[in-house]
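Commentary on secondary and tertiary structure
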Amino acid sequence: MGTPVKQEEIEKAIRSVADVDANGRSIEMLTYLKADIVVSEEMTSLPLESLRALHDDVQRAIGNLRKWADAGFEGGSAMPKAYISIKNWIHTRQDDPNSVYSCM
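1. Comments concerning the overall build of the protein chain
Looking only at helices and strands, one finds five helices and zero strands in the protein chain. For the protein chain, the succession of helices and strands along the chain, N to C, is α-α-α-α-α. For the protein chain, with 104 residues in total, the buried portion stands at 27%. Once local pairs closer than 6 in sequence are excluded, the contacts in the protein chain between residues at least 24 apart make up 43%. About 7,500 Å² of surface is accessible on the protein chain, with carbon and sulfur atoms providing 56% of the total.

This is the structure in structure tokens:
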């Protein structure tokens, strides 16, 4: 799954949606879904179950980002700009039918 990225590094590198593409790889924040899909499909004893688990993890992370951002006074205002940018970057990719992140 990779090495966790320190929050300070994320906040320093990402200040906008454009920064996610520009700086996400350099701080090793972005992983390649294609590699995860290949591992889930080719290198496990239960490929479909592994792919479902990967999908569930991604959806859970997106849901947590949305909850945090949409919490309003109880937390949204405290959400660092980097995480709001990441959430918006994911949303943009999900709306693009040609993106690997889209389920369209």
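2. Here's the deal with helix H5 (residues 81–94)
The end-to-end C-alpha distance of H5, which contains 14 residues, comes to 20 Å, matching closely the 20 Å that a straight helix rising 1.5 Å per residue would cover. By the burial criterion, the buried members of H5 are Ala-82, Tyr-83, Ser-85, Ile-86, Lys-87, Trp-89, Ile-90, Arg-93 and Gln-94. On the buried face of H5, the contacting elements are helix H1 (7–13), helix H2 (17–23) and helix H4 (47–69).

3. Here's the deal with the confidence of the model for the protein chain
Scored by pLDDT, the protein chain comes out at a mean of 77, with 71% of its residues at no less than 70. No element of the protein chain has a lower mean pLDDT than helix H3 (residues 33–42), at 63, and none a higher one than H2, at 91.

4. Description of the side chain of Ser-85
Inspection of the secondary structure assignment puts Ser-85 in helix H5. For Ser-85, a relative accessible area of 5% puts it in the buried group. With near-sequence residues (within four places) excluded, Ser-85 lies in contact with Ile-14, Arg-15, Ser-16, Val-17 and Val-20.

5. Side note on the pattern of salt bridges
What the rule picks out here adds up to three salt bridges. With a shortest N-O distance of 3.8 Å, Arg-52 and Glu-49 are connected by a salt bridge. Of this pair, Arg-52 and Glu-49 are both found in helix H4, three residues apart, which corresponds to roughly one turn of the helix. The exposure class assigned to Glu-49 is partly exposed, which follows from its relative accessible area of 44%. Note that Arg-60 is salt-bridged to Asp-57, the shortest N-O span being 2.8 Å. With a gap of three residues between them, Arg-60 and Asp-57 both fall in helix H4, about one helical turn apart.

What counts, and where the lines are drawn
- Residues numbered from 1 in each chain as written.
- Predicted model: local features only at pLDDT ≥ 70, side-chain atom pairs only at ≥ 80, totals over all residues.
- Heavy atoms only, no water.
- Helix = DSSP H or I, 4+ residues; strand = E, 2+ residues; numbered from the N terminus.
- Buried < 20%, exposed > 50% of the residue type's maximum accessible area, 1.4 Å probe, protein only.
- Contact = heavy atoms within 4.5 Å.
- Areas by Shrake-Rupley, 256 points an atom, 1.4 Å probe, with all protein chains shown as cover.
- Expected span 1.5 Å × (residues − 1).
- pLDDT = per-residue confidence, 0-100.
- Salt bridge = Lys/Arg side-chain N within 4 Å of Asp/Glu carboxyl O.

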